[in-house]
Amino acid sequence: MRIKGCLFTILVLSLGLFGCSQLTSPEPTALPTIVPVDSGLLPAVNDAQVVASGEVVPIRTAQLSFDNSGRVLDVLVAEDEKVDRSQLLAQLEGEQTLEAAVIAAETQVLIAQQALDALDEDIDLQQAAAFQDIVDANQVIGDTQYKLYNLSIPSAYAGMEIKDALEMAKDKLEAARQAFEPYKFKSSGDQTRARLRDEVELARSDFNAIMRRIELEAALITANANLENAERKYETLLEGPDPDEVALAEAQLKDAEAQLGVVRSQLGSASLNAPISGTAVSVDILPGEAVLPGQTIVTLADLSELRVETTDLSERDVAQVAVGQEVSVYIEALDLDVPGIVARISPGADVVGGDVVYTVLIELDEQPAGLRWGMTVEVNIQTE
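Please read these numbers as outputs of a predicted model, since none were measured by experiment.

Undergrad: For this particular structure, what's the right way to read the environment of Ile153?
TA: Position of Ile153 relative to the elements: it lies in the loop between α3 (123-150) and α4 (162-180). You can call Ile153 partly exposed: its relative accessible area is 29%.

Undergrad: Sorry if this is basic, but what is going on with the packing of α4 against helix α5 (residues 191-238) here?
TA: The angle between the axes and the distance between the axes are what describe a pair of packed helices. Where α4 contacts α5, the two axes come as close as 8 Å, and the packing angle between them is 155°. Taken together, the axis directions place α4 and α5 in an arrangement best described as roughly antiparallel. Judged by the sense of rotation from one axis to the other, the crossing of α4 with α5 is left-handed. Its residues assigned to classes, the contact of α4 with α5 shows 15 nonpolar, no polar and nine charged.

Undergrad: Sorry, what's going on with a nonpolar patch on the surface here?
TA: A grouping of Val281, Leu303 and Trp373 is seen on the molecular surface, where their side chains present a nonpolar patch of about 240 Å² in accessible area. Examined against the element boundaries, Leu303 turns out to sit in strand β8 (residues 298-310).

Undergrad: How should I be thinking about the sheet that holds strand β2 (residues 70-75) in this particular structure?
TA: The strands making up a sheet associate through backbone hydrogen bonding, with each pair oriented either parallel or antiparallel. Strand order in this open sheet of four strands is β5-β4-β2-β7, and the pairing throughout is antiparallel. Two strands bound the open sheet, and with one partner strand each, they are β5 (271-273) and β7 (290-291). Pairing between strand β4 (residues 88-92) and β5: three bridges, direction antiparallel. Its bridge partner lying in β5, Gln91 is registered against Ser271.

Undergrad: Just to check I follow, could you spell out the side chain of Gln127 for this structure?
TA: With respect to the element layout, Gln127 can be found in helix α3. By relative accessible area, Gln127 is classed as buried at 18%. Setting aside its immediate chain neighbours within four residues, Gln127 contacts Tyr234, Leu237 and Leu238.

Undergrad: Sorry if this is basic, but what is going on with the nonpolar core here?
TA: The nonpolar side chains of a soluble globular protein tend to be buried with one another. The biggest cluster of nonpolar side chains holds 34 residues, and the ones touching the most others in it are Val77, Leu89, Val298 and Leu300. Looking at this core, the elements that each hand over two or more residues are β1 (49-64), β2, β4, α2 (95-121), α6 (243-269), β6 (278-283) and β8. Broken down by element, this core gets its largest block of residues, seven residues, from α2. Counting residues in hydrophobic clusters, the runner-up holds 21 residues, among them Ala52, Val327, Val360 and Leu371.

Undergrad: Before we go on, may I ask you to explain the sheet that holds strand β13 (residues 355-358) in this structure?
TA: Across the sheet, three strands lie side by side as β9-β13-β12; this open sheet has antiparallel pairing. Looking at strand neighbours, the two that pair on one side only are β9 (313-314) and β12 (350-352), the edges of this open sheet. Summarising the sheet, β12 and β13 pair through three bridges and their orientation is antiparallel. The residue bridging Val352 from the neighbouring strand is Asp355, located in β13.

Undergrad: I keep staring at unusual backbone geometry and nothing clicks. Help me out?
TA: Residues apart from glycine generally show negative phi values, whereas peptide bonds are mostly found in trans. Positive phi is not limited to glycine here, since Asp80 has a value of about 70°. In this structure, Asp80 sits in the loop between β2 and β3 (82-83). On the basis of relative accessibility, which here comes to 61%, the residue Asp80 falls in the exposed class. The phi dihedral of Ser86 falls on the positive side, at around 75°, and the residue is not glycine. Here Ser86 lies in the loop between β3 and β4.

Basis of the calculations
Residues numbered from 1 in each chain as written. Predicted model: local features only at pLDDT ≥ 70, side-chain atom pairs only at ≥ 80, totals over all residues. Heavy atoms only, no water. Helix = DSSP H or I, 4+ residues; strand = E, 2+ residues; numbered from the N terminus. Buried < 20%, exposed > 50% of the residue type's maximum accessible area, 1.4 Å probe, protein only. Axes fitted to C-alpha atoms, helices over the stretch in contact; angles between N-to-C directions. Parallel < 35°, antiparallel > 145°, perpendicular 65-115°, else oblique. Left-handed = near helix turned anticlockwise from the far one by under 90°. Nonpolar A, V, L, I, M, F, W, Y, C, P; charged D, E, K, R; others polar. Patch = residues over 30% accessible without salt bridge, like charges linked within 9 Å, V, L, I, M, F, W, Y side chains within 5 Å. Areas by Shrake-Rupley, 256 points an atom, 1.4 Å probe, with all protein chains shown as cover. Salt bridge = Lys/Arg side-chain N within 4 Å of Asp/Glu carboxyl O. Pairing = 2+ DSSP bridges. Contact = heavy atoms within 4.5 Å. Core = buried A, V, L, I, M, F, W, Y, C linked by side-chain atoms within 4.5 Å.

What follows is the structure, given as structure tokens:
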């Protein structure tokens, strides 16, 4: 401190004078009378101030790194170069592949969105199609019932269960075929052959009639089931699109959006852009070099406005400091005092060399020529 330096100088001069008087006086002399020193001759110490050390810092800084590992394709900034916010600073290899992946993912999102929108847009067509299914099912039921009504069943099978009638008809047809077998190569004019052949045809006709009834009854069962499904679907569509189809379309859209987010993030991680406007203070990478996630490769700083932060303000002194108090900042490198004001007091403490200290931010009233980041200062805060 400058006050301590003045006191130390006075003390050294006093000791030097005393030592010289001892060397030049061979005989004992009387002790000098102690005369009180006029307080006006000593530097004034203001009890209404807090003194601390500090350093000059930029208003904004950013240490930039890639989120992913890779090999650097290009570095588009040099040290001391001015950059604008969002300016591209560096790129990793593989960006073109990632851009293609983004386009493909965007296409899948569009397709999924269109499928979801179509469920609402096509609801009228779906309702019409469901109603037509009801009409068609009723038509099939009517036609089948008509055919069943007009289908003649041989009297020998009347009143029988369809399964039993089929077994009987099948047995009669097989018996007629076996009886005809010995005569099938006889002359067509043979009466026995003709009679047995007629019996085969009659048994086959009976069998076919029963089979036809079974087919019509099966068709009627199917037609009734189709009618129930069509009516149920139509009633559901009257309330809007099929909930299951909507849920599926929404899930497909979410999945496509998630995939798009992943590839976009990967593409964003392949480019390093400036989050602030400022100056590239350091650039620690070259094209072709490999980088790791979190490895700082560019440091940016906004040097357009510098401020001061204290480095050793104790927990005892910080209690006297308040936002808005006037400050005198002595910049040692410039041998200059600059006025300022307390702008912010850190809510949390740091421990430096075992001491608890708080950082106080000081805004300078002016930016003197030659002021640079990292210069050391002495801060005098007026606490009254």
